[in-house]
Amino acid sequence: MSDSAGGGESEGVTAEADGEPPQQALPPLCQSEQQEQKTSEDGLPPSAKRSRISEEEELHEVHDGTTESTCVQMSSTPSAQRPNEQQQPESRDQTEEELTVSEDVAECHQNGGGGPDPAEGEETKQEVDQDDDGAAESPAAGQHLDLDFTQNPSMLTGSWTEYSSFPENYLKGCKWAPDGSCILTNSADNILRVYNLPPEIYSYSWDSIPEMSPVLRMAEGDTVYDYCWFPKMTSLEPDTCFLASSSRDNPVHVWDAFCGKVRASFRPYNHLDELTAAHSLCFSPDGEQLYCGFEKMVRVFCTERPGRDCEERPTVVKKRGQNGIISCFAFSPCQSVYACGSYSRCAGLYSCQDGTLLALLPTRHNGGLTHLLFSPDGNYLFTGGRKDPEILCWDLRDTGKVLFSLKRNVTTNQRIYFDLDQSGTYLLSGDTEGVVSVWDTHTARPDGTEELLQPQIRFKAHWDCTNGISLHPFMPILATSSGQRQFPWPADSEGDSASDTEGGGGVELQQEIRQDNALTLWWAGPVSQAAEENQDQNTAAAEASSVPLV
């Protein structure tokens, strides 16, 4: 996609002050992957951090000393782009011309420019693979670590100071990038933030992980309705590093995930030829199309052709179909089928080819649907709604049949996300009390009898509503986001001004205690085994260091 398309709409990007020196660059993803490939065989270290809510004082602790990097660095840039960092041994023989090109690319990133040419990134990737003696191209290949929920996850790090400057700046979810290099958040200040995966996680210095600070901020003009990553995003190909967002009274924006500028805009118009905002967004699995949800309508844009041209797929034909605003999408991983959820409390299954309605699921939810999720085998669909305590599991082989339900505490209209691991075993969801529940879906009865499935574990992640939850694509790392709109209760008073003043102060104090707006990363892997292996490795390293060099 062209970087020049929609470039005039990038005023919302928050940049650092001019003249401020760049901070130390984060390690590139390819180097981190190499380090991870070398260390993952020896086990991963345990987390010595405690949850931020383990003590009440830590909730209001102000963390300072973190400075935002002026250079937009997705921990994903190929190593050849940064000549000042540690390179492979053969990089010492670079010619002066190659060094000049690398410095120009690095300067482009520091100035907020686009990434390098995709061909250069591909060549770098091949060189790294050769240097690693046949190492896997994907960081997930051959080193996927299973989740372990026999005990509560351990807190790694998070970001909370970032959301304390704006009053009631609660988060509205978090989503890992498809390649796992970074995570995207949305908050009440209408700013999309990108955080790099801390490089300390790849090493054995987990106790020294500082508070996370965003490397990129993208400001929308109004309330953000929805946002999503490009599904084929990989950091080795900068052209694929982008995301889409929709906000009130604005077109759909496509943001460059390297420099934070608007790459392009998709402009949906209604029957009165007026610009209208999409309530939900989702790329097709191949990334060639962008699906946008409206009232009784789905509009499909071609990703490579920004503008207003789109295919309209009404969800109601001859007064039959799915009513209401299309609030969420999900694509089947095995079939050419997608599901739409609406605020009319129902879900529908549609054909990807022409949008034909295949099935309309019965109305079983108490509130409008806010999130949909297919199982990895495509046989089941999980649905959740607002102000609805149940997550329902539908058997798509027997349309309309609910296999089991999952109970959670949802007493707000806010979108409460849930996520499913890649094996389809564990389903995780937060609730309005800040508790994260983990269900083992394989423990449900095979006869298909509808039942209430009990969670395997439940742990307190935040003091406030845990609205966002996202599992890392290939590492046992869980990301959660918290916060919600607060409605303070009026003070009890007899009508005199003194009582009103005292009551108002009490309400403000109570509201301040209840607020917990933060992004948090948790380690959900096997801790005990990693601790033993880490201790053995440290002992071996100490013995090796005591041997004199010949």
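Here goes a summary of the coordinates provided. (Residues numbered from 1 in each chain as written. Predicted model: local features only at pLDDT ≥ 70, side-chain atom pairs only at ≥ 80, totals over all residues. Heavy atoms only, no water.)

1. A word on the sheet that holds strand β1 (residues 154-159)
In a beta sheet, neighbouring strands are held together by backbone hydrogen bonds and run either parallel or antiparallel to one another. Pairing is antiparallel across the open sheet formed by 4 strands, whose spatial order is β1-β31-β30-β29. Looking at strand neighbours, the two that pair on one side only are β1 and β29 (466-471), the edges of this open sheet. Along the sheet, successive strands turn relative to each other by an average axial angle of 25°, direction set aside. Across 5 bridges, strand β30 (residues 477-482) lies against strand β31 (residues 519-523) in antiparallel orientation. Residue pairing for β31: T480 is matched across the bridge by T520. (Pairing = 2+ DSSP bridges. Helix = DSSP H or I, 4+ residues; strand = E, 2+ residues; numbered from the N terminus. Axes fitted to C-alpha atoms, helices over the stretch in contact; angles between N-to-C directions.)

2. Description of the sheet that holds strand β22 (residues 390-395)
Overall, mixed pairing links the 5 strands, which are arranged β20-β21-β22-β23-β27 in an open sheet. The open sheet has two edge strands with one neighbour each: β20 (369-374) and β27 (451-453). Strand-to-strand twist in this sheet, taken as the mean axis angle between neighbours without regard to direction, amounts to 25°. Here 5 bridges tie strand β21 (residues 380-385) to β22, and the two strands are oriented antiparallel to one another.

3. Thoughts on the pairing of β1
For a regular strand, side-chain orientation follows a simple rule: the groups alternate between the two sheet faces. Here β1 lies mainly inside the structure; 6 of its 6 residues are buried. Pairing analysis gives 5 bridges linking β1 to β31, with the strands arranged antiparallel. Its bridge partner being in β31, M155 is matched across the sheet by W522. (Buried < 20%, exposed > 50% of the residue type's maximum accessible area, 1.4 Å probe, protein only.)

4. Observations regarding the side chain of S187
For S187, the position within the fold is in strand β3 (residues 182-187). Other than its neighbours up to four places away in sequence, S187 contacts Y163, N169, Y170, L171, K172 and R193. (Contact = heavy atoms within 4.5 Å.)

5. Focus: the layout of surface pockets
Each pocket or cavity is described by its volume, and for the largest pocket that value is around 1,600 Å³. Secondary structure elements with two or more residues in the lining of the largest pocket: β2 (171-176), β6 (224-229), β10 (280-283), β16 (326-331), β20, β24 (418-420) and β29. Here the residues of the lining of the largest pocket are counted per class, giving 32 nonpolar, 12 polar and 6 charged. What the second largest pocket holds in volume is close to 1,100 Å³. Mapped onto the lining of the second largest pocket, the elements with two or more residues apiece are β6 and α5 (497-514). The biggest single contributor to the lining of the second largest pocket is β6, with 4 residues. (1 Å grid on protein atoms, 1.4 Å probe; cavity = no way out; pocket = protein on both sides within 12 Å on 5 of 7 lines; lining within 4 Å. Points joined across faces, edges and corners; volume = space filled by probe spheres on them. Nonpolar A, V, L, I, M, F, W, Y, C, P; charged D, E, K, R; others polar.)

6. Some words on the packing of aromatic side chains
The geometry of an aromatic ring pair comes down to the distance between the two centres and the angle between the two planes. One pass over the structure, following the stated rule, counts 13 aromatic pairs. Measuring from ring centre to ring centre gives 5.6 Å for F230 and F283, while their planes differ by 90°; the resulting arrangement is edge-to-face. One end of the pair, F230, is in the loop between β6 and β7 (242-247); the other, F283, is in strand β10, with 53 residues separating them in the sequence. For the pair shown, F230 and F283 are each scored as buried. Taken together, a centroid distance of 5.5 Å and an interplanar angle of 15° make the contact between Y338 and Y350 stacked. One end of the pair, Y338, is in strand β17 (residues 337-342); the other, Y350, is in strand β18 (residues 347-351), and 12 residues separate them in sequence. Residue classification places Y338 among the buried positions, given a relative accessible area of 1%. Accessibility expressed as a relative area gives 2% for Y350, which makes it buried. Connected via pairs of aromatic rings, a cluster forms that spans Y291, F329, F331, Y338 and Y350. The cationic tip of R299 hangs over the ring face of F294; the distance from NZ or CZ to the ring centre is 4.6 Å. (Phe/Tyr/Trp six-rings, centres within 6.5 Å; stacked < 30°, edge-to-face > 60°. Lys NZ or Arg CZ within 6 Å of the ring centre and 35° of its normal.)

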